[in-house]
Amino acid sequence: MSRYSEHDQEHYDRPRRRTRPRTKERPTYDDAVDGVVVTVDRGRFTLWVGEGDEAVKVMAMKARPLGRKGVVVGDRVRVVGDTSGADGSLARIVEVHERTAMLRRTADDDDPVERVIVANASQLVIVTALADPEPRPRLIDRALVAAYDARMQPLLCLTKADLADPEILLSTYRSLGVPWVVTQRGGDLSELRDRLRGRTSVMIGHSGVGKSTLVNALVPDAHREVGVVNTVTGRGRHTSTSAFMLELPDGGGWIVDTPGIRSFGLAHVQPEQLIGAFPDLDEMTEECPRGCTHGTDEPECGLDVAVTAGEADPERVESFRRLLAARSDSSY
Ligand code: ZN
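Residues numbered from 1 in each chain as written. Predicted model: local features only at pLDDT ≥ 70, side-chain atom pairs only at ≥ 80, totals over all residues. Heavy atoms only, no water.

Participant: What am I meant to see in the pattern of salt bridges here?
Facilitator: Any two side chains of opposite charge can pair, so long as their charged atoms come close to each other. Summed over all chains, the structure comprises twelve salt bridges. The salt bridge partner of R99 is D75, with a shortest N-O separation of 2.8 Å. Here D75 lies in the loop between β3 (56-62) and β4 (76-81) and R99 lies in the loop between β5 (91-96) and β6 (102-106), a separation of 24 residues in the sequence. With relative accessibility at 22%, the residue R99 sits in the partly exposed group. Overall, the relative accessible area of 0% leaves D75 in the buried class. Where D280 meets R316, a salt bridge forms, and the shortest distance between an N and an O atom there is 2.8 Å. Of this pair, D280 sits in helix α8 (residues 279-284) while R316 sits in helix α10 (residues 314-326), and the two are 36 residues apart along the sequence. Residue class for D280 comes out partly exposed when judged on its relative accessible area of 34%. The class for R316 is buried, based on a relative accessible area of 17%. The network of salt bridges with common partners includes R138, D141 and R322. (Salt bridge = Lys/Arg side-chain N within 4 Å of Asp/Glu carboxyl O. Helix = DSSP H or I, 4+ residues; strand = E, 2+ residues; numbered from the N terminus. Buried < 20%, exposed > 50% of the residue type's maximum accessible area, 1.4 Å probe, protein only.)

Below you can see the structure in the form of structure tokens.
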């Protein structure tokens, strides 16, 4: 059976000059439908096309006009061709809608190439165990920087509260106003569900913190659905996916799990982008000398002026500067 019908868009992508007048206009793709990218795997994309009970999972590839333009998990796309979702069918992504947010990383801090990990998510859930393993505040700081850079709302999700009191860790983030939720093993997840409802959230966390347990509790059969290899049993389809999106039951929103992401390279984050996430502090830097990074070593930073004048919370300024410094901390 042929994978392509004769009506496939390929004909339009590579028009023969003889049969088609010269034009700079792109094909209009009037018959295209909307979809959302839920997994990316070696040039193949899995999309959800349609709404609610009508939605079907469709395999797709990029159409030629997209060129090298990246398509990532969370992208809203327009798709043509066979969107039936039938076995062996392959649709074509012809357009990527403008992204509302981009969670990005630099491969490492010496690699200037930015890579978008997830598009259009509005919340970054930083999953951290309160004990076993011990929390690593520098990692949390770096995840916060990535969230603020992406203009995403961060959420600290502190697991294993049955093992340790969250207060010490929370006191570190209180002055930044980072929202938080606490869970314990086998405990109730309704507060977390409330925080996830009606939006798309990316969940990150190191192994052992309980992220997979949370994902499985939030979306039963999550990993079977996506086909990620179970590292214990070795069963499941192999994929090289580093992120995949799952719909929460009862229209509760979407979560993106990120099994392959252990750290964020943050070399692309500029001080101005970071302070933009804190409008009150940003306002205090208007009189800063040109090129001021607003860091601790800056001689005439407006943040110091504001602290001295009693106009800024010293703890908030210090916490902001800790985040600023975490950008270039490549020890994780
Ligand atoms: Zn400054």
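Participant: Just to check I follow, could you spell out the packing of aromatic side chains for this structure?
Facilitator: Remark: the centre distance and the inter-plane angle together describe each pair of aromatic rings, the angle taken between the planes. Applying the stated criterion across every chain yields a total of two aromatic pairs. Seen from their ring centres, F278 and F320 are 5.8 Å apart, and the 70 degrees between their planes marks the pair as edge-to-face. With a gap of 42 residues between them, F278 in the loop between α7 (271-275) and α8 and F320 in helix α10 connect regions that are remote in the sequence. Aromatic ring contacts, followed pair by pair, group Y148, F278 and F320 into a single cluster. (Phe/Tyr/Trp six-rings, centres within 6.5 Å; stacked < 30°, edge-to-face > 60°.)

Participant: Help me out: how do you make sense of unusual backbone geometry in this one?
Facilitator: With an omega dihedral of 0 degrees, the bond running from D132 to P133 counts as a cis peptide bond. Here P133 lies in the loop between β8 (123-129) and α2 (137-149). Although it is not a glycine, R42 sits at a positive phi angle of roughly 45 degrees. Tracing the sequence through the fold places R42 in the loop between β1 (33-41) and β2 (44-49). A positive phi is found at N120, a non-glycine position, where the angle reads about 65 degrees. If you trace the backbone, N120 turns up in the loop between β7 (114-119) and β8.

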